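Here is how the chains run, residue by residue.
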Amino acid sequence: MCGFVGIWFPHGGGPSKARMQRAVRSLAHRGPDEERLLFGPSHALGFRRLQVLDPSGSSQPLESEGLQLVVNGEIYNYRELRAAHPDFPYRTEGDSESILALYRARGDDFLAELRGMFALALFDAPRRRWILARDRLGQKPLYYARRHDCLAFASELSALLLVLGERPRINQGALAAYLKYGVVPAPASIFEGIHKLPPAHLLEVGAGWQRLERYWLPPLPGSLHVSSEELEAELQTAVRLRLRSDVPLGSFLSGGLDSALIASFLPAGSRSFCVGFADSGHDESSEALASARALRLEHTQLDAGPPLALLNGVVQALDEPLADSSCLPSYALCRAVSGEVRVALSGDGADELFGGYRRHAFAGLIQAWARLPLFLRGGLLRQLRRASKSTDGYYGASLRGLTERLDHLAGRVAQEPDLQPEFFSFAELHADFGLEVPVELTPAPLLADLPEAGLLERLLQADAFFLLPGDILTKVDRMSMAHGLEVRCPFLDHYVASLALGMPSSDKVGFFQGKRCLRQVARRRLPAAVVRRPKHGFAAPLAAWLRGPLREPLQELLLAPPLGLPAAALQGLWQRFLRREADAAGPLYAILILGLWWAKMDALPV
């Protein structure tokens, strides 16, 4: 797990050594153990390394017979690949050389056999071309910019700006997408002229030409029949491969199903970690401890720490704005765990791939609701309100949430079939901000191949290929890499993901219950209490924090909102939030993150 930066001048000229040194050192948090720079007559590569496999060897950039390679991530099946391609002149015991061996053997098809998370840049000097590639689900980041005289690329946006020596204008379409969804979706970045390579894509660049290609397509929904035994076997393999490490390893363990299921494949005595909050409504420490005891793990409970310190740490870790408040506990967890182990397994990806959100379970009801006459909706809403008040626990909370949002969601079904969580609506963006979200930065292009699919299928597709890479995996990468911690996600093994994406939606989501197939596996591996435990979510007490310890920085920011955003509209939203007339914690947090991020980037010495 590392970070890299590179620049190429195909028509002559040389890279600035001073810029390269500043750029690569800005990535020190991603690779605290080693720094190397390589300069050629028309290009330069810089690399920061976190030593996980073959610590004493495997320095990068790698070189072999006219090829140069930098790669961020891990190739989990590297031992099998080395055995399958024994003729390559290996010089290390690490995983990255297997990529060069595959390129020698298979040419442009070299990505097909890789089982892992990666972003890479490969320079083929004899053919005077670069290949940039990103893993299938987007676990590792890769930014790039094409100028008239150069190609530049980096693991993080700040490093790219430093090597280019410029700070471009804000991309207004990307800003609108951020205010709508809380993320900046690929292929855009928050700056004009800088792009994120989309997941499962390869970019080939030569002097005066480039070619962008998608190298992996998932199975179509409903095209596979998957037994729970088959899914369990694939998960077991995915975990086994991710236990390959030459440094201490552990596992994140919340109180929920996903992380407990991953931990159930670990040997007894393995280490597990959980972070807790003083707010009991957001604390899962007792449930995590119960799971750890049942699985015979050595468990450590960690404290999240003060909210303002967490916020400042999160902002420093973000190279683009990201309005997911679960960054706060994730930052705390990664900070604490990095002092204990250097690699941690995580249950991320299960909700998006296997249908674990409430909107998945309620999709059929929402779609039917949207077709009802208005007078029937009113009567049914009254019945739902009465039922929600007389029902306790998870289902009561679910009914209350459904009652509050049903009309709103149903009204969006026709126009926004993805139903992604939103911060500001399209109407608010247009009326209050003067912004429009480009269609290519919405989930709509991802749904173009599913014209006949139902709402649930469209929801699952959008979550897997829009929410997962744009939000969840960005959070995991930035919060872990801020502390030099490698996080591995077995649910995102592309063999496991293919099973999830190809199975019928009815195997994943039933009546008011998601992750049906995972629960079948879990019943064989976990105590019944863990399997039945309601979904909690890894979240911070955001509304309480915004009214309390985070109130001062937010109020100060709203006096002069960033990037020309409308002060009157935002201050009105803030007052309604304080009077508890609006559930606006999410939108206000999005503005807070945007303002603090921009202050940081505006001070970047480019």
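Residues numbered from 1 in each chain as written. Predicted model: local features only at pLDDT ≥ 70, side-chain atom pairs only at ≥ 80, totals over all residues. Heavy atoms only, no water.

Chemist: Is there a simple way to think about helix H13 (residues 363-370) in this case?
Modeler: Within the sequence span of H13, burial applies to Ala-363, Ile-366 and Trp-369. Projected down its long axis, H13 carries its buried residues within an arc of 125°, all on one side. (Buried < 20%, exposed > 50% of the residue type's maximum accessible area, 1.4 Å probe, protein only. Helix = DSSP H or I, 4+ residues; strand = E, 2+ residues; numbered from the N terminus. Arc of directions from axis to C-beta.)

Chemist: Looking at this structure, I do not really get a nonpolar patch on the surface. What am I missing?
Modeler: Taken together, the side chains of Phe-375, Leu-376 and Leu-380 make up a nonpolar region of the molecular surface, amounting to roughly 310 Å² of accessible area. With respect to the secondary-structure elements, Phe-375 resides in helix H14 (residues 374-389). (Patch = residues over 30% accessible without salt bridge, like charges linked within 9 Å, V, L, I, M, F, W, Y side chains within 5 Å. Areas by Shrake-Rupley, 256 points an atom, 1.4 Å probe, with all protein chains shown as cover. Salt bridge = Lys/Arg side-chain N within 4 Å of Asp/Glu carboxyl O.)

Chemist: What am I meant to see in the packing of aromatic side chains here?
Modeler: Centre distance and the angle of the planes are the two values used to describe a pair of aromatic rings. One pass over the full model with this rule turns up 13 aromatic pairs. Between Tyr-103 and Phe-110, the aromatic rings sit 5.4 Å apart at their centres with planes inclined by 85°, giving edge-to-face as the arrangement. Its relative accessible area of 5% is what places Tyr-103 among the buried residues. The interplanar angle of 75° and the centroid separation of 4.9 Å between the aromatic rings of Tyr-181 and Phe-466 together place this pair among those described as edge-to-face. With a gap of 285 residues between them, Tyr-181 in helix H5 (residues 172-181) and Phe-466 in helix H17 (residues 455-481) connect regions that are remote in the sequence. Taken together, the aromatic side chains of Phe-4, Trp-8, Phe-123, Trp-130 and Phe-153 make up a single cluster linked through ring pairs. The ring of Phe-39 carries Lys-17 above its face, with NZ or CZ at 5.3 Å from the centroid. Against the face of Phe-465 rests Arg-214, its NZ or CZ located 5.8 Å from the ring centre. (Phe/Tyr/Trp six-rings, centres within 6.5 Å; stacked < 30°, edge-to-face > 60°. Lys NZ or Arg CZ within 6 Å of the ring centre and 35° of its normal.)

Chemist: Explain unusual backbone geometry here, please?
Modeler: Phi is mostly negative for residues that are not glycine, and the peptide bonds are mostly trans. Of note, the amide linkage connecting Gln-60 to Pro-61 takes the cis form, showing an omega dihedral of 5°. Following the sequence through the fold, Pro-61 ends up in the loop between strand E3 (43-49) and strand E4 (62-64). Residue Ala-186 is joined to Pro-187 through a cis peptide bond whose omega torsion reads 10°. Along the chain, Pro-187 turns up in the loop between H5 and strand E10 (195-196). Positive phi, close to 50°, is recorded for Glu-65, a residue that is not glycine. Summarising the element assignment, Glu-65 is placed in the loop between E4 and strand E5 (67-75). Within the chain, Arg-296 stands out as a residue other than glycine whose phi angle is a positive 60°.

Chemist: I'm lost on the environment of Cys-489 in this one. Help?
Modeler: Along the chain, Cys-489 falls in the loop between strand E17 (486-488) and helix H18 (494-502). It is 43 Å that separates the C-alpha atoms of Cys-489 and Ala-568, two residues lying 79 residues apart in sequence. Look past the residues within four positions of Cys-489 in its chain and what remains in contact with it is Gln-139, Arg-242, Ser-346 and Asp-348. (Contact = heavy atoms within 4.5 Å.)

Chemist: Just to check I follow, could you spell out the pairing of strand E14 (residues 271-276) for this structure?
Modeler: Note on strand geometry: in a regular strand, side chains alternate between the two faces of the sheet. Of all six residues making up E14, five are buried, and the element is well covered by its neighbours. Judged from the three bridges that link them, strand E13 (residues 249-252) and E14 form a sheet pairing that is parallel. Across the sheet, residue Ser-251 finds its bridge partner in E14, namely Ser-272. Running through helix H7 (residues 257-263), the crossover from E13 to the neighbouring parallel element E14 is right-handed. In this structure, E14 lies alongside strand E15 (residues 298-303), joined through six bridges in parallel fashion. The residue bridging Ser-272 from the neighbouring strand is His-299, located in E15. (Pairing = 2+ DSSP bridges. Right-handed = clockwise from strand over helix to strand, strands pointing away.)

Chemist: Looking at this model, I keep getting lost on the pattern of salt bridges. Mind explaining?
Modeler: Where side chains of opposite charge bring their charged atoms close, a pairing between them can arise. Taken as a whole and judged by the stated rule, the model has 35 salt bridges. As a salt-bridge pair, Arg-104 and Glu-65 come within 3.5 Å of each other at their nearest N and O atoms. One end of the pair, Arg-104, is in helix H3 (residues 97-106); the other, Glu-65, is in the loop between E4 and E5, with 39 residues separating them in the sequence. Ionic pairing is found between Glu-213 and Arg-211, a salt bridge with its closest N-O pair at 2.1 Å.

Any functional reading would require information that these geometric values do not contain.
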